[in-house]
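What the coordinates show
Single-letter residue listing:
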Amino acid sequence: MSSLLAHLNEAQLAAVTLPAEHALILAGAGSGKTRVLTTRLAWLISTGQVSPQGVLAVTFTNKAAREMNARLSAMLPISTRGMWIGTFHGLCNRMLRAHHRDAGLPQAFQILDAQDQLAAIKRLLKTLNVDDERFPPRNLQHFVNGAKEEGLRPGEVDAHDEYSRRCVELYRAYEEQCQREGVVDFAELLLRCHELLERNQLIREHYQRRFRHILVDEFQDTNRLQYRWLGLLAGGGAAVFAVGDDDQSIYAFRGANVGNMAAFEREYRVRSLIRLEQNYRSHGNILNCANTLILNNRSRLGKQLWTDAGDGEPVRVYEALDDRQEAQWLVEEVRGLVREGWARSDLAVLYRSNAQSRVIEHALFSAGLPYRVYGGLRFFERAEVKHALAYLRLLENPADDGAFLRVVNFPARGIGARSLEALQDAARAAGTSLFEATAAVPGAAATRLAAFARLIQDLRAQTARLPLPELVEQVVERSGLAAHYQAEKEGQERLENLRELVNAAAVFLTEEGIGLDLPAALGVSAATEPAQVFALTDGSGNEPLPADVLAAPALTPLAAFLSHASLEAGDNQAGEGVDAVQLMTIHAAKGLEFDAVFVTGLEEGLFPHENAVAGTPRGPGRVTDPGEAGLEEERRLMYVAITRARQRLYLSFAQARMLHGQTRYSMRSRFLDELPEAALKWLTPRMQHRAQPAWSEGYRGAWEGIDPRSRGRAGGAHAGARQTSGSAVRSRGVGADTGRLDEHERRASQRFDRGIPWRVGQGVAHARFGEGVIVAIEGDGEDARVQVDFGRSGTKWLALSVARLEPVG
DNA sequence: TCGGTTCAGAGTATT
DNA sequence: TCTGAACCGA
């Protein structure tokens, strides 16, 4: 016990040992949040206040759930197998499998990932002959998920105009299609589980009695439905221990509702609000920047990070002429750090949007510096893996039309679009699945379709008794996928992934099956006869569930593996252990930390992103992120970026940047000017005004006047960067790139000379909008546009060939 | 059925 | 500028 609580600071200790009551823990970045959560769990169990079965701990990502499991089993001599620790989706999935009859689902229902869902919607629109120009599938997907996350079924959505009424109709049709095919999308997992608990008193009260303690991680990221789901489970008097940080709320755009924190405090009458403010990650100057920046946000619960680690190094700020030079400087800086003995994997380059990585990757690649980019396709999302999974899904559930269509003609079997149309007509007429309709379709296609159906049936019959990995292997072979990729000249990697899928199945059986181990989760042993199950229940001494409520706790290994594949998309890239510079978006960096961090592209329009600031309409009739709220979320994003750094932090921006094929000139980010000057060290001269006299002689003169030593060290002067660029590129033999920077510069200044007499930061007057300041310039000649901030009249893009602007001041 | 061309769109993303 | 999706011709 004493060792469990040792080394906790005062606030952490207070949080861990709170009595069984609702609590809100405001856990700042780097304040030991995970530690508090897991120690709380361990403390509750080891002091006998609750049994492992009486706890529900929920996270957003599998990674976080895994970490909690691992740390808990390291602290306590218990197996976390069967404990209710998992993601919202994972736990809902488990509950729906156990009570599938009451939830109105087949026990082996399949889970659609975002990609599958979009495909299902496209297919729906096609069958209904809906104009997908007027109803873009993506918008509909957004509409459906948005409604579900608000807990709304088609009948409950407010639809005032013709358009939204049509959307609701399509939502209804989509639901019917899913139900018919026995599939469930991500949002449906939560909504269906919520409805199960809401409508079924017996089941609800059972779980309410069972879970005495509910722990929630990243509470600021919960959406409204998740909040209500927690409310149902906690309704029987459980103590809710919510951990979160409103300053790190960066997912409003995908439905997160920070307001849940304040709502929780109010509605649950939280008496214990504990702030974890001591930071164990970063040095003082870095924290000082984070604290000062976030003071500019108005809607906060309030919190100030501190450290006893000392000020450390100043935060370095660098102004580049353009994005390429920014990248070049970064490469030089990374080289310097590596020379000094920093590990590459402890260095991170962060950016606001994925598109920014290209230039940086190019520079790193040319310099021969190993790097690793986060994001992109993950293992279970790869086309070949999805193909194999579609075959497996068909074995488990022949009604899955989506899976059917994905592989009926892959590898090619001469079943073309026309045959499929005939098949779909036949299925619709008979009211059956495509699979069933294969027997009913007339004509020449019939033989081929029948052969495909036979293939699936044979596979099902002949693999039914095989262990999971062998089953997968058989399917990969006999479906023809293996042969197909064998024959393809660039199919080797895909073949490799299919072999990896067999491996993943083997690993799943031995290690990862925990999540869907219903007998263990429900507190019964797998060997128990069904009749006995209901007497045993969950081991917590609660009243048992009646026999007709609890489903037979059996799920085939294949069905379990398929849910696993949908709920956990896997790693995005190999090379985890390699010593490489880490590249990622700021969003992806949340929760991570590095010795040194580069935050790049700190320019107005990019970061804060203009869409977030301006309140751009998104989809028909929808406006999100209006003004202030959007800006505050961007600022929290900056806060997250800053607090990733342990020892050294670099902030950089560029006067000019290639964006959508055009050069764009922007002001430096307002966030830079919200940082405390005393904590900063400018590597380039700090311009007084945020305005950047892009490419002007005066500016270049000032730049070249600074200490040559710091120029060299910083990767330097423009000329220096050019040199480095040239030699590095040449030595790698990518000669075509040599001197691009010069070319770029020449063109840029030419453009500048060719008659755009405007500078970013310059005051202008417009007949209608009044006076304003140019915040960005984009494009060339006839296409040239300027973005002007007119204050109260708003920020506008104006074509220079049209708008009449007068210089002011 | 594939491969080339054309065109629009371009923000962040877990399950 | 670059990408992905849709479309068309052989």
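A few words now on the overall build of chain A. Counting its secondary structure elements, chain A contains 34 helices and 21 strands. Within chain A, the proportion of its 809 residues that are buried is 55%. Once local pairs closer than 6 in sequence are excluded, the contacts in chain A between residues at least 24 apart make up 75%. Accessible surface for chain A amounts to roughly 34,300 Å². Of this, 50% is attributable to carbon and sulfur atoms.

To continue, consider the state of the cysteines. Tallied over the full model, the rule gives zero disulfides. Here C167 stays unpaired: no disulfide links it, and the sulfur of C178, its closest cysteine neighbor, is 16 Å away.

We now examine the sheet that holds strand 8 (residues 272–276). In sheet architecture, strand pairing relies on hydrogen bonds along the backbone and comes in two forms, parallel and antiparallel. With parallel pairing, six strands are arranged side by side in an open sheet as 3-2-6-7-1-8. Either end of the sheet is taken by a strand with one partner, and the two such strands are strand 3 (84–87) and strand 8. Strand-to-strand twist across the sheet, computed as the mean angle between neighbouring axes with direction ignored, equals 15°. The sheet contact formed by strand 6 (residues 213–216) and strand 7 (residues 239–244) spans four bridges and is parallel.

Near DNA strand C the following residues occur: R358, H660 and G661. A share of 47% of the atoms of DNA strand C within 4 Å of the protein falls on sugar and phosphate groups.

On to the environment of I586. On the secondary structure map, I586 appears in helix 28 (residues 586–589). Since its relative accessible area comes to 1%, I586 is described here as buried. When the C-alpha atoms of I586 and Y639 are compared, they prove to be 9.9 Å apart, with 53 residues separating the residues in sequence. Dropping the residues within four chain positions of it, I586 is found in contact with L350, Y351, R352, F607, L637, V640 and A641.

At a closest axis distance of 9 Å, the pairing of helix 5 (residues 88–98) and helix 10 (residues 186–199) adopts a crossing angle of 55°. Relative to helix 10, the element helix 5 lies oblique. By crossing handedness, the relation of helix 5 to helix 10 is classed as left-handed. On helix 10, the residues that touch F88, H89, C92, N93, M95 and L96 of helix 5 are F186, L189, L190, R192, C193, L196 and L197.

Okay, helix 21 (residues 445–463) next. Between its first and last C-alpha, helix 21 extends 27 Å over 19 residues, near the 27 Å set by a 1.5 Å rise per residue. In this structure, the buried side of helix 21 is in contact with helix 17 (383–396), helix 18 (401–407), helix 19 (417–430), helix 20 (434–437) and helix 22 (468–478).

Residues W84, L197, Y207, I214, W229, L233 and F264 are the most contacted members of the largest nonpolar core, which totals 66 residues. If near-sequence neighbours (up to four positions away) are discounted, L233 is found in contact with L56, M95, L197, Y207, Q208, F211 and I214. Residues F380, V385, A482 and L498 belong to the second largest nonpolar core, which totals 54 residues.

What follows covers the environment of C178. Mapping C178 onto the fold places it in helix 9 (residues 162–181). Between the C-alpha atom of C178 and that of E188, which follows or precedes it by ten residues, the distance is 10.0 Å.

Looking now at the pattern of salt bridges. A complete count under the given rule lists 48 salt bridges for this structure. Put simply, D113 and K386 hold a salt bridge, and the shortest N to O gap is 2.5 Å. Of the two residues, D113 is situated in the loop between strand 4 (110–112) and helix 7 (114–127) and K386 in helix 17; the sequence distance between them amounts to 273 residues. The residues D113 and K386 share a single accessibility class, namely buried. Three or more residues are tied together by salt bridges with common partners; here these are K148, R153, E175, D185, E188, R192, E195 and R199.

Remark: a regular strand shows side chains that alternate across the two faces of the sheet. Burial along strand 8 is one-sided: S272, I274 and L276 are buried, while L273 and R275, pointing the other way, are not. Bridging between strand 1 (residues 23–27) and strand 8 involves five bridges; their strand directions are parallel. By the bridge assignment for strand 8, A23 is matched with S272.

Quick look at the packing of aromatic side chains now. Counted under the stated rule, the structure contains 25 aromatic pairs. Relative to F253, the ring of Y251 has its centre 5.8 Å away and its plane inclined at 45°; by these criteria the two rings are tilted. Residue class for F253 comes out partly exposed when judged on its relative accessible area of 41%. Ring geometry for W329 and F598: centres 5.8 Å apart, planes at 75°, overall edge-to-face. One end of the pair, W329, is in helix 15 (residues 323–339); the other, F598, is in strand 13 (residues 594–599), and 269 residues separate them in sequence. Classification of F598 by relative accessible area gives buried; the value is 1%.

In this section: the environment of L522. Among the secondary structure elements, L522 is positioned in helix 25 (residues 518–522). Along the primary structure L522 and L337 are separated by 185 residues, whereas in three dimensions their C-alpha atoms are 53 Å apart.

Quick look at unusual backbone geometry now. Omega for the peptide link from F410 to P411 comes to -5°, which places this bond in the cis form. Cis geometry marks the peptide bond from F607 to P608; its omega dihedral reads 10°. With respect to the secondary-structure elements, P608 resides in the loop between strand 13 and helix 29 (610–614). One non-glycine residue with positive phi stands out, namely N129, at about 55°. Among the structural elements, N129 can be located in the loop between helix 7 and helix 8 (137–149). You will see that H660, though not glycine, has its phi angle at about 55°, which is positive.

Let us now look at the pairing of strand 17 (residues 763–766). Strand direction decides the pairing type here: strand 17 and strand 18 (residues 770–778), joined by four bridges, are antiparallel. Its bridge partner lying in strand 18, A765 is registered against E771. Between strand 17 and strand 18, which follow one another and run antiparallel, lie three residues. Relative to strand 21 (residues 805–808), strand 17 runs antiparallel, the two being bridged by four bridges. When the sheet's bridge partners are listed, V764 is paired in strand 21 with P807.

Quick look at the confidence of the model for chain A now. Averaged over all residues, the pLDDT of chain A equals 85, while 85% of them reach at least 70. With pLDDT under 50 throughout, residues 530–537 is counted as low confidence; its partners more than four residues away or in other chains account for 19 contacts. Every residue in residues 693–755 scores below 50 in pLDDT, and together they form 88 contacts with partners more than four places removed in sequence or on other chains.

For the rest of this paragraph, the subject is helix 17. With 14 residues, helix 17 ought to run about 20 Å at 1.5 Å a step, and its terminal C-alpha atoms sit 20 Å apart, in line with that. Of all 14 residues making up helix 17, twelve are buried, and the element is well covered by its neighbours. Restricting attention to buried positions, one finds in helix 17 the residues E384, V385, K386, H387, A388, L389, A390, Y391, L392, R393, L394 and L395.

Before going further, it helps to examine the side chain of R644. In this structure, R644 sits in the loop between helix 30 (627–642) and strand 14 (645–659). Despite being buried, R644 has no salt bridge partner; E593 is the closest side chain of opposite charge, sitting 6.6 Å away. Only 2.9 Å separates the side chain of R644 from the backbone oxygen of L592, close enough to count as a polar contact. For R644, the contacting residues outside a window of four places in its chain are A29, Q248, R281, L350, A589, K590, G591, L592, E593, F594 and V597.

Rules behind the numbers
- Residues numbered from 1 in each chain as written.
- Chains lettered and ligands numbered in written order.
- Predicted model: local features only at pLDDT ≥ 70, side-chain atom pairs only at ≥ 80, totals over all residues.
- Heavy atoms only, no water.
- Helix = DSSP H or I, 4+ residues; strand = E, 2+ residues; numbered from the N terminus.
- Buried < 20%, exposed > 50% of the residue type's maximum accessible area, 1.4 Å probe, protein only.
- Contact = heavy atoms within 4.5 Å.
- Areas by Shrake-Rupley, 256 points an atom, 1.4 Å probe, with all protein chains shown as cover.
- Disulfide = S-S within 2.5 Å.
- Pairing = 2+ DSSP bridges.
- Axes fitted to C-alpha atoms, helices over the stretch in contact; angles between N-to-C directions.
- Near = heavy atom within 4 Å.
- Parallel < 35°, antiparallel > 145°, perpendicular 65-115°, else oblique.
- Left-handed = near helix turned anticlockwise from the far one by under 90°.
- Expected span 1.5 Å × (residues − 1).
- Core = buried A, V, L, I, M, F, W, Y, C linked by side-chain atoms within 4.5 Å.
- Salt bridge = Lys/Arg side-chain N within 4 Å of Asp/Glu carboxyl O.
- Phe/Tyr/Trp six-rings, centres within 6.5 Å; stacked < 30°, edge-to-face > 60°.
- pLDDT = per-residue confidence, 0-100.
- Lys, Arg positive; Asp, Glu negative; His and termini not counted.
- Polar contact = N/O pair within 3.5 Å; in protein donor to acceptor, adjacent residues only side chain to side chain.

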